[in-house]
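# A closer look at the structure
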Amino acid sequence: MINTLLGDRYKLGQMIGTGGMADVYIAEDIRLARQVAVKVLRSDLARDPSFVARFRKEALAAAGLNHPGIVAVYDSGEEPAPYIVMELVSGHTLRDLIHKGERVPLKRALEIGEGILAALEYSHERGIVHRDIKPANIMITDQGDVKVMDFGIARALADLGATLTSTWNIVGTAQYLSPEQALGEIADLRSDIYSTGCLIYEVLTGKPPFTGDTPVSIAYQHVSGVFVVPSKLQPELPEGIDVILSVALSKKPEDRYQSAGLMLDDLFKVGTGQALTTTIPKVKISRRKLLIGALSSVVTVGLVATGLFIARPSADSSSFPQIPNVVGLTQADAEVMLQDYVVTIQRAHDARIPRDRVASQIPLATTRAQKGSGVVLTISDGPGDAIVPADLVGMSLIDARAALAAVGLVVSRTEAVPSDEPLGTVLQVIPEPSSTITAGSGVVLQIASGQIEVPLLIGTDAIQARTLLVQAGFLVNEIEAYDANQPIGIVIRQAPDAGTTQTIGKSVTITVNKAP
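Residues numbered from 1 in each chain as written. Predicted model: local features only at pLDDT ≥ 70, side-chain atom pairs only at ≥ 80, totals over all residues. Heavy atoms only, no water.

Moving on: the packing of aromatic side chains. Here the structure, examined in full by the defined rule, presents 3 aromatic pairs. For the ring pair Y10 and Y83, a centre distance of 6.5 Å and an interplane angle of 70 degrees mean the geometry is edge-to-face. Residue Y10 is located in strand β2 (residues 10-18), and its partner Y83 is located in strand β6 (residues 83-86); the two are separated by 73 residues in the primary sequence. Relative to F227, the ring of F210 has its centre 6.3 Å away and its plane inclined at 80 degrees; by these criteria the two rings are edge-to-face. Highlighted residues: F210 in the loop between α8 (189-205) and α9 (215-224) and F227 in the loop between α9 and α10 (230-233), separated in sequence by 17 residues. (Phe/Tyr/Trp six-rings, centres within 6.5 Å; stacked < 30°, edge-to-face > 60°. Helix = DSSP H or I, 4+ residues; strand = E, 2+ residues; numbered from the N terminus.)

Set out below in C-alpha cells:
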C-alpha cells in the first residue's frame, strides 16, 4: 500500500508496525505538511458493516480525547479499508521493553503505571473505557513519556463481542483480561483497572500474574486462580505494592479500586514513601467456585460456537458459511437469521443498544463457522438505573468520585463556589442525592472553593508534576520548550510560581523540556 493516497490527503509511506488487527504506516498529511501514523485495519474486519459503523463512531469519540497521556486521533476513513490517522509518536511500545527482559527500576515502573492511570482517569471521566489495556497499547516516547493508544479500535471490537472467541490471536491479550471479560460479562472502567494491575505486575516482576499454554487456561486463572504477590518474586519491593496489586487484581469489580484516580493516588504514596490506608479485600471461596462454574459454561459454549477458534481459524474453515450480523435485531428476528446454528441467549445491561435488541454476538459477524455450531447472543436490558448516593454532601471530591463510580455514575463537571467548608468539600449534587437516573450518566458536583498553594514543579519530571497538580486539585496545561542545559522530560518553567496561591480547579501551566 506504499504511496497509496487515503482520503485524498494521507500518502502512505513505509510500514512501521503490524499486528493481528491492523498495519501501521508512516504517512504524509499533504494538506498540513506533517507526518502522521495511519493504522489500516484488516480486510476481514473491513467487510463487517457493524464493525465499520461502530468503528466510525468510536474513532470520533477517541478523537475527542485531548490528553498528553493519550495518543491523539486526528481523523478516520473507510476507503479502501477502515483507517485511523493518529499522532506519530517517536518511541517504542511497553511490549518491546518487556520483551527485552530488562529489569525496570521501581521508580520508573511507578511512573509508567501513573502515566497509564492518569490517561485512564481522563478517559473514564468522559465515559470512554479502553477495554484492551496491554503492553502493546502503551507507547513510551523517546523522552520517556507514557501514552495510551487504540481507544477507538479496542472499544469498537469489544462492543461487537470480541472476547475469548475472537478469530484473531488473543494469547497476549488473555494475560491482561479481567475476570468479567473472561466470563463474557460487561466490562466497565474497573476492567481497565484490573488490566492495568496485570501490566504493572509484569513490569515489576518480569512476568504477568497468570500464564498458561492457551487463552482458556489463562482465563481460568483470571477467574479462579491466586497470583503470587510481587514481593515473593522481588523481595525488595515495598509492602504497599502487594496491597495495590491485590486490590487492583480482585476477582470482583466491586472489590477493586473504583476509579483510576484512587489507584493513581496509592501509586504516588508508595513512590513517596507514604503509608497506605487501602486494605486488601477478603476472598470468599464460594464465590470462586461460582466463577469457575460460570467460566466453564461460557468457555464450553465458546468452544462449541467457534470449533476451538481460540487463536486463528483452521485453514479448512474457508468452506464454512459466514455467520450473519444480527446486532441490533430483536431476538426473534436474530433467531430466524441464525436458524442453521444453536443459539444461546444471555441478557445484560447495555447503554448503547436499545432494550430487547441484540447487543453483541459471539462469534463475530462474518466469522466462518460450521452449521449446527453454537452462537451466543447478548440481549440488551437497556442501560439500567443507578441511584445517586445519599451521602455525597460533605465528602471530599476524591471520595465523592469513588462513591459515584461504585454505583456506575461519573462526575461530569465540578463547580467551585465560595464556602466556609474545607477546600474541595462537596456542597451540592445535581441531580439530588437518592435520585434514580440512568446508569453511566454524569453528576455535577458543587465544591468548596479556596486558595491552594501551588507546589514546586521545576526540576521534576513531567509525569510526577502532572500527578502533583491533579492531586492538589488543579488542572494541567502543558507546553513544550527546549533548553540544552536541562535534562529532557523535566519541568523547566511553571506558572503561577511555586508558593503562590490559586483557586481550586484552576489551571497551572508547566513547560516540559523536549528536544527539537
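This is not the end of the story, as more comes after the structure.
With that out of the way, let us pick up the nonpolar core. What tends to happen in soluble globular proteins is that the nonpolar side chains get buried as a cluster. Ranked by size, the top nonpolar core spans 52 residues in total, and within it L94, I116, I138, F151 and M263 carry the most contacts. When residues of this core are traced back to their parent elements, those giving at least two are α3 (94-99), α4 (106-125), β8 (138-141), β9 (146-148), α8, α11 (239-248) and α12 (260-271). Sequence-distant contacts of I138, defined by excluding residues within four places in its chain, comprise H92, T93, L94, I116, V146, K147, V148 and L199. (Core = buried A, V, L, I, M, F, W, Y, C linked by side-chain atoms within 4.5 Å. Buried < 20%, exposed > 50% of the residue type's maximum accessible area, 1.4 Å probe, protein only. Contact = heavy atoms within 4.5 Å.)

The pairing of strands in a sheet comes from backbone hydrogen bonds and takes either a parallel or an antiparallel form. Read across the open sheet, the 3 strands follow the order β19-β22-β20; overall the sheet is mixed. Of all strands in the sheet, those bounded by a partner on one side alone are β19 (475-481) and β20 (491-495). Strand-to-strand, the axes of this sheet are offset by a mean angle of 25 degrees, without reference to chain direction. By the bridge criterion, 7 bridges tie β19 to strand β22 (residues 507-513) in an arrangement that is parallel. Each residue of the ladder has a partner; that of I479, found in β22, is T511. (Pairing = 2+ DSSP bridges. Axes fitted to C-alpha atoms, helices over the stretch in contact; angles between N-to-C directions.)

Here the focus is the environment of S380. Checked against the element boundaries, S380 lands in strand β12 (residues 374-380). Through-space distance from the C-alpha of S380 to that of I353 is 6.2 Å; in sequence the pair is 27 residues apart.

This next bit is on the confidence of the model for the protein. Close inspection of predicted coordinates is inappropriate in any region flagged by low pLDDT. With 83% of its residues at a pLDDT of 70 or more, the protein shows a mean pLDDT of 80. Between the elements of the protein, mean pLDDT differs from a low of 41, seen in helix α13 (residues 285-306), to a high of 95, seen in α8. When the criterion is pLDDT under 50, residues 286-315 qualifies, and its contacts beyond four places in sequence or with other chains add up to 59 contacts. (pLDDT = per-residue confidence, 0-100.)

Glancing now at α11. Spacing of three or four residues puts side chains on the same side of an α-helix, whose turn is 3.6 residues. For α11, the buried fraction is high: 9 of the 10 residues fall into the buried class. Residues of α11 that are buried include every one of G240, I241, D242, V243, I244, L245, S246, V247 and A248, and no others. Where α11 is buried, its residues contact α4, α8, α10 and α12.

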